[in-house]
Amino acid sequence: MELQLNDLTKKFGNFTAVDHVSLTMTNGVYGLLGVNGAGKTTLMRMLCTLIKPTSGNITYKGKNILELDGRYRQLLGYLPQEFGFYPEFTVQDYLLYIASIKGLRPAVAKRRTKELIQKVGLSKAAKKKMKTLSGGMKRRAGIAQAMLNDPRILILDEPTAGLDPNERIRFRNLISELSEERLVLLSTHIVSDIEYIANEIWLMKGGKIIRRGALDEIVGNMPETVWICRVEKQKVSFMINKYKVSNMKSEEDRAELRIVSADRPLPDAVQVKPTLEDAFLYYFGEKAGSEDVEI
Amino acid sequence: MLKYEIKKVFLKGRNKIALLLLAIVLLAVSVMTVNRVEYVDENGGHKTGIAAARNLREEKNKWAGYLTEDVLRDVYRENQAINSEYASGSMEDEDKIYQKRQGISSIIDLINNANSPWREYDYYAIDSITEDQAADVYEKRISGLEEWFASGKETFSREQQEFLLSQYKNLDTPFYYEYYDGWAALLQNISTFILLLALFIGFFVSGIFSDEFQTKADAVFFSTKLGRNKAVGSKLGAGFIIATAVYAAALIIYTAAVLLILGADGAGCPIQLEMWRDFYNATFLETYLLIVFGGYIGMLFAATAAMLVSALTRSTVTAIIAPFVVLCVFPFLSRIVTLPQVCSFFPDRLLDIYNGVRDFSLMQIGGKVIGIPAIIILVYTAVTLVLQPIVYRVYKKAEIK
C-alpha cells in the first residue's frame, strides 16, 4: 500500500494553505505536527477527497484518488477536527447509519457496531443520544465510526482536542492499538499526542512540510542545544525574552528553565537531551507556543 | 440508509413540532369543512355535524336518480308549491322556505345556473321562468356558451371555442343526481389544505441536505464510500418518500374524516352539479383525484425546490423559504403584475386545480387545445424530474472547506 502526495497545493484565493507538498506514506503512524493554520486540516481534507487540490494530486497505488472515488473512500476512516454528528441519534443508530453509508452489509454493520462500541468503551452509552455524551465519549464515538469499515487508511484530525488528560492518554492508547497494519495519519498541535506513537513525524508550517523523520531524527537534527539552568525569579522575564524557553519550573526563590539555544545561556547551564517539545519550540517559535500549542 | 435518512428528519425537534402543528391544521380544516354542510331544522335552527349531514342526505336522496326533464319539472313544481305555501315574505316564512327547499336546493341551483346570464348567478331565476325553461337545462348550458361566444365578450380562438363546445356537447346527460354535499364541501377547502400541506412538507425536507453542513457531519458523510453517490440518492429518496407519505397520509385522513362525517354519496355524480360551467367532463371523484394529483405534483415541485436550495446554500433556513417563494410569492406577484397568461403557469396553480377547472383556462399548441391544468401538471412533472439529477449533482460535488 502506498499513498503518494505529488506536489500537492491548495489555494483559497490568494492564501496558500498547502504549498507544493510531496510525500509518500506506507503502513505506520504518521504524526503531523504544526500550529493552527499550518495547513494540516486542508491537507487531511484533500486526503479524504473532501476538497480538490489546486494543483498536484494524491495517488493510491499509482491511481488518482479522485478518480478512484468510492473505491478509495472504501479504504478510508476519517475523524475530522470538528466532529459533527446527528444529535438525536443514539450512539448505536449513529454507527449503524455511518456503516450503511460506508457500504457495509447490515449484518456486518451490526457486528462491527457492537464490537466497536465495546472497544471504545461506550457499551453503557450505546442507547444514549449522541447529544447527551461528554466530549470524550463523542470523540470515542468518532473513532468508532472511523473504524467501522476496518480502514486501511485512518486519518485523525486533532483527535484529542478538548479532551482532559485522562481521556487524552486513553485515546492515545486506543489509536496505538488500532494502528496495526494500517496507515494512520494523525494531526495535532499537542506534541505528546504523537511523541510516543508516531513512526514518522512531519512538521508543517505555512503549508509546507519543513521537517520529517522519526522522533530521534527530528530531535537529533535540531541545530540548537537544550539546556537546563536555574535563575533568580527576577531574571526570569529577561531570560524568556532572550531565549526560547520550553519549560519553567518554579522553586522557592528561583526558577528552573529549560532553554533551546545554540550557545550556553549561563555558565552553570547543563546540557540535556532534547525532546520533541524542544524541537517544536525551535521550529515553530515561542509565539506559536503561546497562541496555539499545548505541550 | 434510507431508513436512517427518514429517521433523521423526524427525530428533529423542529420537525416534531411541525408535525404536531400539521395535525392541528388538519383538525381545524376538517372541522371547517364539515361545518360547510348545514341542515336547517323545522324551527329554523342551523345545524352542522354528523346528524345534520344525515338529515340533509335523507332529504336530498329523496330526489336521487337521473335528472330527466320530468324530474326537473317536478322540482320546479315543488318549488312553486313551497313558494305559495309560505308567501307572506316574513322572516319566519323565509326560513320555512329554506328548510323545505333543502332537499331540492342543489337541483334548484342547477336550474338557476342554466337560466342566469353567463358568468352570473340569479338566486331567484327559478321563480321567474316557465316549467319548460326549467326542464331545458342541458340545452341551455350549450346555448348559453354559444351565445357568450357570439357576444364577442371573450377572446377565445375558433379552435378553442370549438373545443369548449365539443366538451359541453360530449357531457353525458341527464345527470345522475344524489346527495353530494360531502364531496362538494371537501373540494371547496381542499386547495387551502393542500397549500398548507405543501408548506409543511417543504419544511420537513428543507434540512435533508443542509443539515449535514449545519451539524458539521458533512466531513464524515462525504468521506465515506457511498457519500458521493448512493448516500446522496438516499437523501433524494428520503425526501420523495417523506413528501409522498405525509401528503398521502394527511389527505387520506382529511378525506376520510370529512366523508365519514358528511357522507361519501355522490362520488359518481358529474362535477357540473357543483361547477355548472366546468368543461372537464368528470365526476366528483375524478375531479377530486385530479385536484389531489395536481397538488401532489405542485407539492413535489416545491419540496424539490426546497431540497435544491438546501443543497446549494447549505442553509436550512433559506431552504425553508423556498416553498413559500414558489407557492406564495408567485400568486402574490400574479395579483400585482398583469400577466394572466404567464400567471396561469405559476406552480401555485397546481395546488388550486379546483379553481383551475372552474375557469376556461386553455392553451393552444398548434391546432390542439388543452386545458392549462393538464399542461401545468405535465410541465411541472417534467421540471420536478429534471431537478432530481441537478440536486444530486450539486450535492455530490460539494466541497468541505
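Rules behind the numbers
Residues numbered from 1 in each chain as written. Chains lettered and ligands numbered in written order. Predicted model: local features only at pLDDT ≥ 70, side-chain atom pairs only at ≥ 80, totals over all residues. Heavy atoms only, no water. Helix = DSSP H or I, 4+ residues; strand = E, 2+ residues; numbered from the N terminus. Rg over C-alpha atoms; globule rule 2.2 N^0.38 Å. Buried < 20%, exposed > 50% of the residue type's maximum accessible area, 1.4 Å probe, protein only. Contact = heavy atoms within 4.5 Å. Areas by Shrake-Rupley, 256 points an atom, 1.4 Å probe, with all protein chains shown as cover. Lys, Arg positive; Asp, Glu negative; His and termini not counted. Charge placed at Lys NZ, Arg CZ, Asp CG, Glu CD. Core = buried A, V, L, I, M, F, W, Y, C linked by side-chain atoms within 4.5 Å. Domains from an automatic or database assignment. Buried area = accessible area lost by both parts, 1.4 Å probe.

Asks: Explain the overall build of chain A residue by residue, including any values.
Replies: Broken down by element type, chain A carries eleven helices and 14 strands. On C-alpha atoms alone, chain A measures out to a radius of gyration of 21 Å, which is about the 19 Å that the 2.2 N^0.38 rule sets for 295 residues. For chain A, the C-alpha atoms occupy an extent of roughly 70 × 45 × 35 Å along the three principal directions. Within chain A, the fraction of its 295 residues that count as buried is 56%. Look at the contacts in chain A between residues 6 or more apart in sequence, and 70% of them connect residues 24 or more apart. Accessible surface, chain A: about 13,100 Å² in total, of which carbon and sulfur atoms supply 46%. Of the charged side chains in chain A, 44 are positive and 36 negative; the average position of the first set lies 7 Å away from that of the second.

Asks: Help me get a handle on the nonpolar core, residues and values and all.
Replies: Counting residues in hydrophobic clusters, the biggest one holds 215 residues, and the most contacted among them are L3 and Y94 of chain A. At 16 residues, the largest contribution of residues to this core is made by helix 14 (residues 284-313) of chain B. Each of two domains, domain 1 (2-34 + 180-396) and domain 2 (41-172) of chain B, supplies a minimum of three residues to this core. Those residues in contact with Y94 of chain A that lie beyond four places of it in its chain are F83, G84, F85, Y86, F89, M130, A141 and Q145 of chain A together with V220 of chain B. Ranked by size, the runner-up nonpolar core spans eleven residues in total, among them V236, M239, Y243 and I259 of chain A.

Asks: Account for the domain arrangement of chain B, with residues named and values stated.
Replies: All names here are of chain B. Taken domain by domain, chain B holds domain 1 (2-34 + 180-396) and domain 2 (41-172). The centre of domain 1, based on its C-alpha atoms, is set 35 Å off from the matching centre of domain 2. Carbon and sulfur atoms make up 60% of the area that domain 1 and domain 2 hide from each other, which totals about 2,300 Å². It is W276, R277 and F360 that lose the most area in domain 1 upon contact with domain 2, and together they represent 35% of the buried surface on that side. Mapped onto the side of domain 1 that touches domain 2, the elements with two or more residues apiece are helix 13 (230-262) and strand 5 (362-365). Counting residues per element, the side of domain 1 that touches domain 2 draws most heavily on strand 5, which supplies three residues.

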